[in-house]
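Listed below are the residues making up each chain.
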Amino acid sequence: MKLNIKGLTAEEVNLRISQNQQNNYNEDVSKSTKDILKDNVLTLFNLLNLIIGICLALVGAYSNLFFMVIILINITIGTIQEIRARNLVAKLSIINEDKSIVIRDNQEKSISSIDIVLDDIVKLVAGDQVPSDMVVISGQIEANEALLTGESDLIVKEEKAQLLSGSFVSSGQCYGQVIHVGKDNYATKIANEAKVHKPFNSELVSSIRKVAKFTSYVIVPLGLILFVEAFFFRGSDIKSSVVASAAALLGMLPKGMVLLIMIALATAVAKLAKKDVLVQDMYSVETLAHVDVICLDKTGTITEGKMKVEEVEILQPKYETMFEDLVGSYLSASSDNNITMQAIRNHFKETTTYPANRVTSFSSERKWGAVCLDNIGTIALGAPERLFKEADLPKGIQEAQEAGQRVLMLGISSESTDDETILPRLEPLALIKIDDPIRQNANETLAYLKEEGVDIKVISGDNPVTVSNVARRAGLDNYQKYIDLSELTTDEEVRNVVNEYKVFGRVSPQQKKILVQELKEQGHVVAMTGDGVNDVLALKEADCSIAMAEGDNATRQISNLVLLDSDFTTLPDVLFEGRRVVNNVTKVASIFFIKTIYSLILSLLCVLTAISFPFIPIQITLLDLAIEGYPTFFLQFENDKRKVITRFLPTALRRALPNALLVVFNVVFIYIYGNMKDWAQIDITTLMYYMLIAVSAMAVIKACLPFNPLRVFLAVTTTIGTFVAAMLFKGLLEISMLTSQSLPIFAILVIVSIIGKIILDRLIDKQGTKYFFHENK
């Protein structure tokens, strides 16, 4: 192709660079380090703990500040995980680093795509990715815009046609003039619509935030009242007043619960990383455990996105010995490089046995390409119905097409032609069956998701019939329920069909987003998979977004999960991890919320009676470590793939209530009884603390049911170990040993508490069952 175009001069290029008309716009939509730190540090929960910590530090109560270590660990785990994931995604970037051929000063130059400027003339050939929006000024190509529109069909681009950045040249050659650069490019605009990061959707963390928000309304007035009563009415010194008040307030904040959630999610992230699943937002692991609708793309998700020659049937025995050389010579001469030709090139080796004297590139309009070979004639490759009359077509074609395979034929003629629109009469040479293979285990994956109550929607920019056929081969139920969304004109029409169909074809990026929105508005928890710019808006809208590593850079950056091997059949592993985290955390959460409930009730009683809160922060911290931290840390590693059917916060609070009430009962009884018997204050405090340990240990034992060797070990070591620690560190904890007076009372109260727990648990479980059925009607 000869073209009398000089292109831009060096001065014109420099002028455009000075006017910021260069293609170097940073379309990074990932979180900055500042945003990550902000999200992990600036929380209400951290603020409340910091205020209490500052108050303790100001009065010199340094031994009671150990709880701040837990807060720092929480922040560190969350921050490191997010930064690590973001940096790994940045390394995955596989586009926008290509070289481009531009015409400048009447010379062809190879430059980085980010150095292109407005009005540059760019030369494009088969296999190139279009680096910037441009208009074709000469030549003809076929473009694949699948990453932008989801439509895998090739589109002919002739003079004056617009080429969009991010699309690929499948065949032909052309020159284009750049009309948009940087942020004005089509692909960048779509990516930037998703630039504002959605808040993470975590029932576990939102529950903690609800508790923190509730207690924030209580902590300030309660803290002030408790301090005033201690300092002004009871005559305590300022240090004792602050310590007593801080203990009451710290007990209401479930610090250990936050740490447990962080560790459980971080463990899930590490386990998934070993299965080539990159978790960018660790809370999304939990979200996927609640997902009841997954929207899948077709190409590259259900299928491998890699065409493969399944079968070659030679139709003329006389050409059998030279067949490989004929095909190889055709491939050597042709510049066609669309996805179908790539499959053929992978199957056959290129040869130069028969030199070519004329080449006609494949066109999606003609649906054939041809090469004239010396001493042979014409070899044509294309759609069977375009090369031959219907009567001459082999019988196997229809069966292959019904099976979802792409069928091409080779024809041969001893004649040559100079006309690019007409072929000589051909003899059928061979039948080539090409398939985009369904991913291995796709059938099992879809079947499993169905069994687990997860509905599957296949949403694609491709032909709905083709998509339906792929869904059938993958084992999707009701695959025949498909619709062409290009026929719908309004958003309302799109919303109205979301429940009627399983397969949606010819879907625009905006329509994908609307489908996800409608499903969410109906109360579903929606996950979305995708690999192209056309999926970005829907991925952003979904509760959990899952990108393929082989897909577009912007898609990977905004997704919660990235499948590094681009294999959606790993989704059950992610689902299992989410369920394990949620089920295990829910099971042990009651241990943590016992302290929240009894601290609130005891604080209110202390306010009403003007007596001191019975415990100090260091005593609470020991229970945080021994009762809450130690057993729950090991229990959260256990496998539990059961479907999540309960709501976290109501379930955890309901299970914690019996133990919390028992703690309050024991504290009140011991206070009254001890004062009646004129016990020393340290003996009263010691018995209260021992009963607090006993009742808390009962919650651990229940969480360990049904017993197995590990759970028996945890229950025994937690109970005995905490009592031993209390005896060893009695000076630091400001308690003593049980006396001959308090020991019998301790034994009686333990028995009463066990009986009380059995009764209260049964009552609470009965009410919980009623609540569950009411919620799920």
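Above this note sits the structure.
Residues numbered from 1 in each chain as written. Predicted model: local features only at pLDDT ≥ 70, side-chain atom pairs only at ≥ 80, totals over all residues. Heavy atoms only, no water.

Caption draft 1: Main features of the overall build of the chain. A tally of helices and strands in the chain yields 28 helices and 21 strands. Taking 2.2 N^0.38 as the reference for a compact globule, 777 residues should give roughly 28 Å; the C-alpha atoms of the chain span a radius of gyration of 35 Å, well beyond that estimate. Each of the three principal axes of the chain carries a C-alpha extent, and together these read 120 × 65 × 45 Å. Burial status across the chain gives 55% buried among its 777 residues. Just so you have it, the chain exposes about 34,000 Å², and 57% of that area is on carbon and sulfur atoms. Between the centroid of the 76 positive side chains of the chain and the centroid of its 89 negative side chains there is a distance of 9 Å. (Helix = DSSP H or I, 4+ residues; strand = E, 2+ residues; numbered from the N terminus. Rg over C-alpha atoms; globule rule 2.2 N^0.38 Å. Buried < 20%, exposed > 50% of the residue type's maximum accessible area, 1.4 Å probe, protein only. Areas by Shrake-Rupley, 256 points an atom, 1.4 Å probe, with all protein chains shown as cover. Lys, Arg positive; Asp, Glu negative; His and termini not counted. Charge placed at Lys NZ, Arg CZ, Asp CG, Glu CD.)

Caption draft 2: Highlighting the pairing of strand S14 (residues 406–413). In terms of residue burial, S14 counts as a mostly covered element, since 7 of its 8 residues are buried. Across 5 bridges, strand S13 (residues 377–382) lies against S14 in antiparallel orientation. Looking across to S14, one finds that Ile379 is bridged to Ile412. Bridge analysis of S14 against strand S15 (residues 427–435) gives 7 bridges, and the strand direction is antiparallel. Counted as the bridge partner of Met409 is Leu431 from S15. (Pairing = 2+ DSSP bridges.)

Caption draft 3: Here's a closer look at the sheet that holds S14. Strand order in the open sheet made by the 6 strands is S10-S15-S14-S13-S12-S11, with antiparallel pairing throughout. Across the chains shown, the open sheet's two edge strands, defined by having one partner strand only, are strand S10 (308–314) and strand S11 (356–363). On average, each strand axis in the sheet is inclined to that of its neighbour by 15 degrees, with strand direction left out of account. Along the sheet, helix H12 (residues 323–333) contacts S10, S11, strand S12 (368–373), S13, S14 and S15; its crossing angle with S12, the most-contacted strand, is approximately 110 degrees. Strands S10, S13, S14 and S15 of the sheet are contacted by helix H13 (residues 339–347), whose axis makes an angle of about 70 degrees with S10. (Axes fitted to C-alpha atoms, helices over the stretch in contact; angles between N-to-C directions. Contact = heavy atoms within 4.5 Å.)

Caption draft 4: Main features of H12. Buried residues of H12: Phe323, Leu326, Val327, Gly328, Ser329, Tyr330 and Leu331, and no others. Buried residues in H12 make contact with S10, H13, S12, S13, S14 and S15.

Caption draft 5: The nonpolar core, seen in detail. In this structure, Leu56, Met257, Phe593, Tyr598, Phe615 and Tyr689 are the most contacted members of the largest nonpolar core, which totals 135 residues. Among the elements that line this core, the one with the most residues is helix H22 (residues 571–609), at 17 residues. Setting aside residues no more than four positions away along its own chain, Met257 makes contact with Ile208, Val585, Ala589, Phe592, Phe593 and Phe648. (Core = buried A, V, L, I, M, F, W, Y, C linked by side-chain atoms within 4.5 Å.)

Caption draft 6: Up close: the pairing of strand S20 (residues 544–548). Most of S20 is tucked away, with 5 of its 5 residues classed as buried. By the bridge criterion, 4 bridges tie strand S19 (residues 526–530) to S20 in an arrangement that is parallel. Each residue of the ladder has a partner; that of Met528, found in S20, is Ser545. Direction of pairing for S20 relative to strand S21 (residues 561–563): parallel, over a ladder of 3 bridges. Among the inter-strand pairings, Ile546 is bridged to a residue of S21, identified as Leu561.

Caption draft 7: Broad picture of the pattern of salt bridges. Within the structure shown, the criterion is met by 24 salt bridges. The partner of Asp119 in a salt bridge is Arg16, with the nearest N and O atoms 2.9 Å apart. Taken as a pair, Asp119 in the loop between strand S2 (107–112) and strand S3 (121–125) and Arg16 in helix H1 (residues 10–18) lie far apart in primary sequence, 103 residues in all. Residue Arg580 pairs with Glu577 through a salt bridge whose shortest N-O separation is 2.9 Å. Note that Arg580 and Glu577 are positioned in helix H22 at a spacing of 3 residues, about one turn of the helix. Of the two residues, Arg580 and Glu577, both sit in the buried class. (Salt bridge = Lys/Arg side-chain N within 4 Å of Asp/Glu carboxyl O.)

Caption draft 8: Region of the structure containing a nonpolar patch on the surface. Taken together, the side chains of Ile701, Leu705, Phe707, Val712, Val716, Ile720, Val724, Leu728, Phe729 and Leu732 present a nonpolar region at the surface, about 900 Å² in accessible area. Looking at the nonpolar patch, the element that brings in the most residues is helix H26 (residues 709–728), giving 5 residues. In this fold, Phe729 is placed in the loop between H26 and helix H27 (730–733). (Patch = residues over 30% accessible without salt bridge, like charges linked within 9 Å, V, L, I, M, F, W, Y side chains within 5 Å.)

Caption draft 9: View of the side chain of Ser590. Topologically, Ser590 is positioned in helix H22. The residues contacting Ser590, other than those within four sequence positions of it, are Ala652, Arg655 and Ala656.

Caption draft 10: How the structure looks around the sheet that holds S21. On the basis of which strands lie adjacent, the open sheet formed by 8 strands has the order S8-S21-S20-S19-S9-S16-S18-S17 and mixed pairing. Of all strands in the sheet, those with a lone pairing partner are strand S8 (277–279) and strand S17 (482–484), marking the two edges. Ignoring which end each strand starts from, the neighbouring axes of this sheet average 20 degrees apart. Pairing geometry for strand S9 (residues 293–296) and strand S16 (residues 455–459), over 4 bridges, is parallel. Bridge assignment links Cys295 to a residue of S16, and that residue is Lys457. Sheet contacts for H22: S8, S9, S19, S20 and S21; angle to S9, the most-contacted strand, approximately 155 degrees.

Caption draft 11: Just the packing of aromatic side chains, in detail. Considering all chains together, one arrives at 16 aromatic pairs under this definition. Note on Tyr598 and Phe615: the rings are 6.5 Å apart at their centroids and 70 degrees apart in plane angle, and the pair reads as edge-to-face. Within this pair, whereas Tyr598 is found in helix H22, its partner Phe615 is found in the loop between H22 and helix H23 (617–635), the two being separated by 17 residues in sequence. On the accessibility criterion, Tyr598 (2% relative accessible area) is buried. (Phe/Tyr/Trp six-rings, centres within 6.5 Å; stacked < 30°, edge-to-face > 60°.)

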